[in-house]
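What follows is each chain in one-letter form.
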Amino acid sequence: MSEQSTDLRETVRQRYAAAAVQVTEGGNACCVPDPVEADENFGSTLYAAEERATLPAEALAASLGCGNPTAVADLHEGERVLDLGSGGGIDVLLSARRVGPTGKAYGLDMTDEMLALALANAARAKATNVEFLKGTIEAIPLPANTVDVVISNCVINLSTDKPRVFAETFRVLRHGGRIGISDVVADDSLTAAQRAERGDYVGCIAGALSFTEYREGLQAAGFTDIEITPTHPVADGMHSALVRATKPL
């Protein structure tokens, strides 16, 4: 990994560690924690009210995603799900409910503070079919052909090695498995410099792929049935999008 990539990863880690600490220190037995600062294009308000009602306040407060990947993943009873960059655990907990006691939801995060918050949130939710793993999304600590579904919420754009993320995602999926991802995607007309003008890397803007780049990256990893559907704008020419694809049988 280059020095610049290492520096960017550390900047991302520090930002999300600080977000976890804010939630952890901002709540106590009698008070609801303040949500991490985000504009209306990001956070727990992108989830349905009935979903939010089932989750610990701390999980909602730590949400920094740009969509709801569990809504597009179409999860079923008994499936095994992996959330890349699971943060405070909001999507892991929602997935665990959908796959039921015969299924399992994994969360993967590189930030100790977020992992500690996620474990606490799982305990608050009394979720027993979840497991949180420490690691990076470029080197997923699971064997090949392990999970049925991979989800992620506005995290892949933060990686400095997206081809590796796509390859690792493909590896851990079983044949016939699928992805359901929310991510920021740029119009094909925007150059990398123009994306950087619209927001910084850690803010999920500068590192975003274009629609064509995203599709070609998934194809290069081996995915088929690729669909990239924009849902709402997050900056000029930048969109939150739902990404679906399949690992062939």
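Residues numbered from 1 in each chain as written. Predicted model: local features only at pLDDT ≥ 70, side-chain atom pairs only at ≥ 80, totals over all residues. Heavy atoms only, no water.

A. Molecular detail of the confidence of the model for the protein. On average, residues of the protein carry a pLDDT of 85, and 77% of them reach 70 or more. For the stretch residues 28–38, pLDDT sits under 50, and the model shows 24 contacts to residues farther than four places along the chain or on other chains. (pLDDT = per-residue confidence, 0-100. Contact = heavy atoms within 4.5 Å.)

B. Summary view of the packing of aromatic side chains. Throughout the structure, instances matching the rule amount to two aromatic pairs. Both rings, one in Phe 166 and one in Tyr 214, keep their centres 5.4 Å apart while their planes meet at 50 degrees; by these two values the pair is tilted. Within this pair, whereas Phe 166 is found in helix H7 (residues 162–172), its partner Tyr 214 is found in helix H9 (residues 211–221), the two being separated by 48 residues in sequence. For the pair Phe 166 and Tyr 214, a shared accessibility class is recorded, and that class is buried. Centroid distance Phe 170 to Phe 223: 5.1 Å. Interplanar angle 90 degrees. Geometry classified as edge-to-face. (Phe/Tyr/Trp six-rings, centres within 6.5 Å; stacked < 30°, edge-to-face > 60°. Helix = DSSP H or I, 4+ residues; strand = E, 2+ residues; numbered from the N terminus. Buried < 20%, exposed > 50% of the residue type's maximum accessible area, 1.4 Å probe, protein only.)

C. Summary view of the packing of H7 against H9. Running from N to C, H7 and H9 cross one another at 45 degrees; their axes reach a closest spacing of 9 Å. Classified by the interaxial angle, the pair formed by H7 and H9 is oblique. In this structure, H7 meets H9 at a crossing whose hand is right-handed. Here Phe 166, Ala 167 and Phe 170 of H7 lie close against H9, whose contacting residues are Tyr 214, Gly 217, Leu 218 and Ala 221. Taken together, the residues of the contact of H7 with H9 break down into six nonpolar, one polar and no charged. (Axes fitted to C-alpha atoms, helices over the stretch in contact; angles between N-to-C directions. Parallel < 35°, antiparallel > 145°, perpendicular 65-115°, else oblique. Left-handed = near helix turned anticlockwise from the far one by under 90°. Nonpolar A, V, L, I, M, F, W, Y, C, P; charged D, E, K, R; others polar.)

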